[in-house]
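# An overview of the molecular structure
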Amino acid sequence: MTAESDSSGGFPAQHQQPPGLTGRMRPLPDHGEDSYVGHDRLTGVRALITGGDSGIGRAVAIAYAREGADVAIGYLDEEQEDAEETARLVEAAGATAVLVPGDLTEEGTCRAVVRDAVRGLGGLDVLVNNAGFQMARRGSIEDVTPEDLDRVLKTNLYALVWMTQASLEHLGYGASIINVSSIQAYQPSTSLLDYASTKAAINNMTVNLAAELGERGIRVNAVAPGPIWTPLQPATQPSQKLESFGADTPLGRAGQPAEVAHAFVYLASNHEAGYVSGTVLGVTGGKPVF
Ligand code: NAD
Ligand code: MG
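Below, the structure is looked at part by part. Every value quoted in this text rests on a predicted model; they were computed, and no experiment measured them.

## Let's talk about the nonpolar core
As a rule of thumb, soluble globular proteins bury nonpolar side chains together. If you look at the biggest cluster of nonpolar residues, it comprises 36 residues, and the most contacted ones within it are Tyr 64, Val 126, Ile 178 and Phe 264. Every element with two or more residues in this core is listed here: strand 1 (46–49), helix 1 (55–66), strand 2 (70–75), helix 2 (80–92), strand 4 (126–129), strand 5 (176–180) and helix 7 (257–268). One finds Ala 72, Val 113, Met 163 and Ala 175 within the second-largest nonpolar core, a separate group that totals 26 residues.

## A closer look at the coordination of the magnesium ion (ligand 2)
Surrounding the magnesium ion (ligand 2) are the protein donor atoms Asp 53 (OD), Ser 54 (OG) and Glu 79 (OE), at 2.1 to 2.2 Å. All donor residues of the magnesium ion (ligand 2) come from one chain, and their arrangement in sequence is D-S-x24-E. With Asp 53 in the loop between strand 1 and helix 1 and Glu 79 in the loop between strand 2 and helix 2, the pair connects residues that are 26 residues apart, well separated along the chain. A single burial state applies to Asp 53 and to Glu 79, both of which are buried.

## So, the pairing of strand 6 (residues 219–225)
Burial analysis of strand 6 places seven of its seven residues in the buried class, the great majority of the element. Burial of the side chains of strand 6 extends over both faces: Arg 219, Asn 221, Val 223 and Pro 225 are buried on one face and Val 220, Ala 222 and Ala 224 on the other. One crossover worth recording links strand 5 to the parallel strand 6 by way of helix 5 (residues 193–213), and it is right-handed. Where strand 6 lies against strand 7 (residues 280–283), four bridges are found, and the strand directions are parallel. Across the sheet, residue Val 223 finds its bridge partner in strand 7, namely Leu 281.

About the cut-offs
- Residues numbered from 1 in each chain as written.
- Chains lettered and ligands numbered in written order.
- Predicted model: local features only at pLDDT ≥ 70, side-chain atom pairs only at ≥ 80, totals over all residues.
- Heavy atoms only, no water.
- Core = buried A, V, L, I, M, F, W, Y, C linked by side-chain atoms within 4.5 Å.
- Buried < 20%, exposed > 50% of the residue type's maximum accessible area, 1.4 Å probe, protein only.
- Helix = DSSP H or I, 4+ residues; strand = E, 2+ residues; numbered from the N terminus.
- Donors = N, O, S within 2.8 Å, 3.2 Å for Na, K, Ca; no water.
- Right-handed = clockwise from strand over helix to strand, strands pointing away.
- Pairing = 2+ DSSP bridges.

Interpretation note: all reported values are geometric properties and have no functional meaning in isolation.
As structure tokens, then:
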């Protein structure tokens, strides 16, 4: 039985230090390596995916490359091995892979990452603001430290603004921005108070940016995943919690990164989603996104 058809939900208890590495996960996630079939839907597109080394970002990188796009991948230095594996998969699809490491909680790094991505790709058509951080905690708001708050808000919100600002001078008519929201924007867990609030803010910014950038022909959308099996989970959730991870969704299981990637392909495609902007597309296993 594959992970995708397993309806029992849950994974073996396990833990990693953040940001987490793919190779240490049991079972390994499915990024579409053996299943994603491209149909030339993104031929000639140049995409920058932050957090493209692993999880949802890796699945999007594979899908984009197989659809004909060239891909730049943002990631943290500690994730070099994951980034190289994603680059290998992108290149195996016949696409160009550009590695742009850097900690996006610094504004100057965001600018440098965009500059290096544009240099490597020869331009930019799609920005996927996918990098994100959370840390589950047992207690109340009184346990949220200034350091926690800085890391979560800077990774999820400040970096999104800085990456968007730095990218805009390169994004022309027909370009698009895809942000990554979460089911946490709609059904916040008390253990993820700060993280959930950033995802609600990302929804708000997505709608607002779509309104601002529409006249420049730039579409802005978001994908809101439900529980997805990625390194973020063993790195930031209590290990026992993984045993029932995803079991509370209507479909009764967690999703695989490969199952989320299609939404990003659709939203990036001007042919298919040319009139779609300001939308948050849920891929949640049945949890409501309204
Ligand atoms: P992941 O760990 O594979 O990806 C997150 C990536 O964010 C990391 O690979 C890392 O490269 C990047 N990142 C984190 N901090 C960074 C920093 N300071 N500078 C640069 N890059 C940084 O996990 P994922 O689950 O694929 O996460 C991707 C996105 O999906 C995140 O925005 C996350 O909030 C969102 N999301 C995940 C789930 C889920 O269940 N996995 C659910 C809803 C939303
Ligand atoms: Mg990673």
